[in-house]
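Structural overview for review
Chain residues, written in single-letter form:
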Amino acid sequence: MTRIIAIGRTVVVSALLFAFVAPGRADGTWSPVGGGVNNWIRDLAISDSGVLYAGGDFTAAGGEQGYYYIAAWNGFSWSKLGDGLNLYVEAVATHGSDTVYAGGWFGEAGDFEARRVAVWDGAGWGALGSGLDGIVHALVCDSAGNLYAGGEFQFSGDYRVDHIAKWDGAAWSSLGTGVDDYVWALALDEFGNLYAGGQFWSAGGVPGTRGVAKWNGTSWSALSTGIGGYVWDLAFDISGNLYVAGDFQWTGNSELNVREVAMWDGEKWNQLGFGIGYTSGVYAGAVAPAGGGVVYVGGAFEAAGSILADNIARWDGSEWSALTTGTDASVKTLAWDGSGKLYAGGLFGTAGGVPVNFIACWEEAATPIATPSPQGSFATPPRTPTPTATPAPTSTPGPTHTPTPVPPASNPPWITDFDGDGTSDIVVFRRTAGLWAVRGLTRAYFGGSDDYAAPGDYNGDGTTEMGIFRPASGLWAARGVTRAYFGGGFDMHHPGDYDGDGTWEPAIFRASSGLWAVRGVTRAYFG
């Protein structure tokens, strides 16, 4: 299981290096995480405050006993969550900075009866109603705080939920008629649609929903003809692509040979090269997108594409590479922290030959980062022409080069009101990772290296939303609100409330013609 943002089953730098990297091998290092734990880890999740939570079969962390099946790592040391649980933890999910949900085999959380699922509020454990009557394998929280659970269960108390259910803070409810077999993975897209993966043949009786299906809040739908096998993990990247890992060779009705891992782009399935492994018994059990087209995959395998890779590998959008010598046993879960650290948990004792005890951290070597633009909040970086040689006096001048925009690695901080309390909040957008950080409030991943930050109040509710403008396609996207296409190329982005209705509109300035255009409002020439 893998977590990213609250997506799916739950991804720094050391120095600027310009060293040769052996073909098929990523440049980075493995390190232990506080001495590790004493038994295998089944799931990892990272909170908005950056705390890593681990769940599994262990009862000790950092060499100390009393960590019953769940523990927290703050980057320096392990800490307990009260008295923990009384049996294995299969799934961990976080909401905000302090709320942690655990699911698994247990019946007690701290001093409370809690059937298969429980909540930690930062001070103590609590039950979620009547709980669930079977093992919980997957948990994910939406932005409103609703919790979704998937697993082997069929009932909550006397209420039938069939392997997938929603907790709204007061009661459990079903998602239509549920699915017909176990759910192993859950993920949410940026619009709040829920995706489920597992070993089921049908979701809500809808054709083509084998292995994976989408729930839009009212009904189930298929992703083409589904997946031809078991799905163990799901995760979205910052561009909205869904990555699926598991034990399968083909998508749907033998449409595409994908070998244990595939990507759904919203319309069709795609291969990741030649996939994972070449022998029977291999599987991909965890997937973690990391921005910039990079995706990490963990599981039980010895090869990725055409290269040797023991149980963990990196896909960069075009080819596979190994993470040094990998791990000495299977990887069950991955978590990317957004700043260059990938955490891996599983059954392994070593990673890259380093003793780590079931959990390890991978850090890639740094690459040079461009200097952030010193201009204003919505300024477009200078259009720097590509240098050309000076022609000799007797030569005929050649064609000039078109100026090329050079986006910054991150934007300067803005002062905007993200929580609607009437005071300004400081926010930073780190383009290299797609990370948005609002000081003292939240962290989220939205957008990426090709995008310009464009925060604003796009729904008129009095709070600022994270927003991006992608010049290459003209895409404007406001997190959780809307997507539209307007402008592009060399247009400068200047969103704002141009009609005084309290809602911001996408707007562009085209320097080549002096055009100002506000989507749905006006056009004028000025400058």
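Anyway, here's the lowdown on the structure attached to this text. What you see is a predicted model; the values in this text were computed from it and never measured.

Each helix and strand in the protein chain was counted, giving 0 helices and 56 strands. Buried positions account for 53% of the 527 residues belonging to the protein chain. If you sum the accessible surface of the protein chain, you get close to 21,800 Å²; carbon and sulfur atoms cover 51% of it.

This brings us to the packing of aromatic side chains. Enumeration over the complete set of coordinates arrives at 17 aromatic pairs. Taken together through their ring pairs, the aromatic side chains of Tyr68, Tyr69, Tyr88 and Trp105 make up a single cluster. Positioned above the aromatic ring of Tyr67 is the side chain of Lys80, whose terminal nitrogen or guanidinium carbon lies 5.4 Å from the ring centre. Over the aromatic face of Trp201 sits the side chain of Arg210, whose NZ or CZ is 3.9 Å from the ring centroid.

Before going further, it helps to spend a moment on the side chain of Asp233. Relative to the assigned elements, Asp233 resides in strand E26 (residues 230–236). Relative accessible area serves as the criterion here: at 0%, Asp233 is assigned to the buried category.

This part covers the pattern of salt bridges. A full pass over the atoms with the stated rule returns 8 salt bridges. Measuring nitrogen to oxygen at the nearest pair gives 2.6 Å for the salt bridge that ties Glu90 to Arg42. Of this pair, Glu90 sits in strand E10 (residues 89–95) while Arg42 sits in strand E4 (residues 41–46), and the two are 48 residues apart along the sequence. For the pair Glu90 and Arg42, one class covers both residues: buried. Put simply, Arg314 and Glu364 hold a salt bridge, and the shortest N to O gap is 2.5 Å. Residue Arg314 is found in strand E36 (residues 312–315), and its partner Glu364 is found in strand E42 (residues 359–364); the two are separated by 50 residues along the sequence. Glu364 sits in the buried class, given a relative accessible area of 18%. Each of the salt bridges in this network shares a partner with another, and the network as a whole consists of Arg42, Asp57 and Glu90.

This paragraph deals with empty space enclosed by the protein. Size it by volume and the largest cavity reaches roughly 50 Å³. Looking at the largest cavity, the residues that line it are Glu190, Ile238, Ser239, Phe446, Gly447, Asp451, Ile468, Arg470, Leu475, Ala477 and Arg483. For the lining of the largest cavity, the secondary-structure elements that each account for two or more residues are strand E50 (467–470) and strand E51 (475–478). Each residue belonging to the lining of the largest cavity can be placed in one class, and the counts come to 5 nonpolar, 2 polar and 4 charged.

Moving on to the sheet that holds strand E5 (residues 52–56). Here 4 strands make up an open sheet; going across it, the order is E4-E5-E8-E9 and the pairing antiparallel. Two strands close off the open sheet at either side, each with one partner strand: E4 and strand E9 (78–79). Here 2 bridges tie strand E8 (residues 70–73) to E9, and the two strands are oriented antiparallel to one another. In the strand pairing of E9, Trp73 is matched with Trp78.

In terms of nonpolar packing, the biggest core is built from 20 residues, with Leu272, Ile276, Val287, Val297, Phe301, Ala309 and Trp320 touching the most fellow members. Going through the elements one at a time, strand E27 (242–247), strand E30 (261–264), strand E32 (283–291), strand E33 (294–300), E36 and strand E37 (320–323) are the ones with two or more residues in this core. In this structure, Ala290, Val331, Trp336 and Val356 belong to the second largest nonpolar core, which totals 19 residues.

Sheet topology places strand E54 (residues 507–510) next to strand E55 (residues 515–518); 4 bridges connect them, and they run antiparallel. Following the sheet pairing, Ala507 is matched in E55 by Val518. From the end of E54 to the start of E55, which pair antiparallel, there are 4 residues, and Gly514 there has a positive phi angle of about 80°. Where E55 lies against strand E56 (residues 522–525), 4 bridges are found, and the strand directions are antiparallel. Counted as the bridge partner of Trp516 is Ala524 from E56.

So, how was this worked out
Residues numbered from 1 in each chain as written. Predicted model: local features only at pLDDT ≥ 70, side-chain atom pairs only at ≥ 80, totals over all residues. Heavy atoms only, no water. Helix = DSSP H or I, 4+ residues; strand = E, 2+ residues; numbered from the N terminus. Buried < 20%, exposed > 50% of the residue type's maximum accessible area, 1.4 Å probe, protein only. Areas by Shrake-Rupley, 256 points an atom, 1.4 Å probe, with all protein chains shown as cover. Phe/Tyr/Trp six-rings, centres within 6.5 Å; stacked < 30°, edge-to-face > 60°. Lys NZ or Arg CZ within 6 Å of the ring centre and 35° of its normal. Salt bridge = Lys/Arg side-chain N within 4 Å of Asp/Glu carboxyl O. 1 Å grid on protein atoms, 1.4 Å probe; cavity = no way out; pocket = protein on both sides within 12 Å on 5 of 7 lines; lining within 4 Å. Points joined across faces, edges and corners; volume = space filled by probe spheres on them. Nonpolar A, V, L, I, M, F, W, Y, C, P; charged D, E, K, R; others polar. Pairing = 2+ DSSP bridges. Core = buried A, V, L, I, M, F, W, Y, C linked by side-chain atoms within 4.5 Å.

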